[in-house]
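# Observations on the three-dimensional arrangement
Listed here are the chains, written in short residue letters.
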Amino acid sequence: MYICAGDIEQFDFAIPVGIGLINVAINLTQLYIEKQPKEIIFVGTAGSYGKKKIFDIVESCSATQIENSFFTNNSYTPIESKVSVNKDNVSHETVVNSSNYITTDIELSKEYLTHGIEIENMEFFAVLQVAKKFGIRAKGIFVITNYCDKNAHRDFLDNRLKAMEMLEERALLKF
């Protein structure tokens, strides 16, 4: 089953589940209960912390949920902040960080890279947590629209439509 965030990132072939971690967790859980899919494929855009280039296509089965304040020693969490599924299929996994906030500080972006985290998408951690809870396979397919820097929002808006076309073309090849 293909899913997406929705709103300005919506596809004919994917069911929208909401923007951000909480909306996805609630809506995807309800969708799983109703449809009982064997696999979830999330499609969407992502920002790069610097290693991946604009319009790169990235697949992942691993995500973290780390806030920027973690890297400045201004926060901690008592809960597990990384989730991986389908680990047997991946030789080098791109790790996706999810937060309800978009990183716009290039120095903080470098911190993510030093921890092996390459891209950012607001929803993916919640997708994998739901998949893990129900014991089903899941992955994300992302097109990079921007770097996580001061121009992140502008570049996302400028590149979003082309990235969505690329995701549609890739999905059509899979059908």
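My aim in this report is to walk through the structure given alongside it, one point at a time. Along each chain, numbering runs from 1 in the same order as the chain's sequence is written. Confidence filtering applies because this is a predicted model: local features only for residues at pLDDT of at least 70, side-chain atom pairs given and counted only at 80 or more, and all residues used for totals across whole chains, interfaces and linings. Heavy atoms from the whole structure form the basis of all side-chain values; hydrogens and water molecules are not counted.

For this analysis, a nonpolar core means a set of buried residues of the types Ala, Val, Leu, Ile, Met, Phe, Trp, Tyr and Cys, connected via side-chain atoms within 4.5 Å. Only protein chains enter the accessibility calculation, which uses a 1.4 Å probe; a residue whose area is less than 20% of its type maximum is buried, one above 50% is exposed, and one in between is partly exposed. Of all hydrophobic cores here, the largest spans 28 residues; its most connected members are Ile3, Leu28, Phe124 and Val127. The greatest single-element share of this core, amounting to 7 residues, is contributed by helix H3 (residues 124–134). Beyond its immediate chain neighbours, meaning those up to four positions away, valine 127 contacts Ile3, Val24, Leu28, Ile40 and Phe42. Tyr2, Ala14, Ile41 and Val43 belong to the second-largest nonpolar core, a separate cluster that totals 14 residues. Every helix listed is a DSSP run of H or I at least four residues long, and every strand listed is a run of E at least two residues long, numbered separately from the N terminus. Note on contacts: a residue pair qualifies if any of its non-hydrogen atoms lie within 4.5 Å across the two residues.

Of all the 10 residues making up strand E3 (residues 39–48), 9 are buried; the element is thus mostly covered by neighbouring parts of the structure. Any two strands are treated as partners once DSSP identifies two or more bridges connecting them. Bridge count for strand E1 (residues 2–4) against E3 is 2 bridges, and the pairing is parallel. Looking at the pairing, tyrosine 2 lines up with isoleucine 41 of E3. Examined bridge by bridge, E3 and strand E9 (residues 137–147) share 10 bridges and lie parallel to one another.

Let us look at the state of the cysteines. The definition used for a disulfide is geometric: two cysteine sulfur atoms within 2.5 Å. The full count for this structure, using the stated rule, is 0 disulfides. The thiol of cysteine 61 is not disulfide-bonded; the next cysteine sulfur, from cysteine 4, is found 18 Å away.

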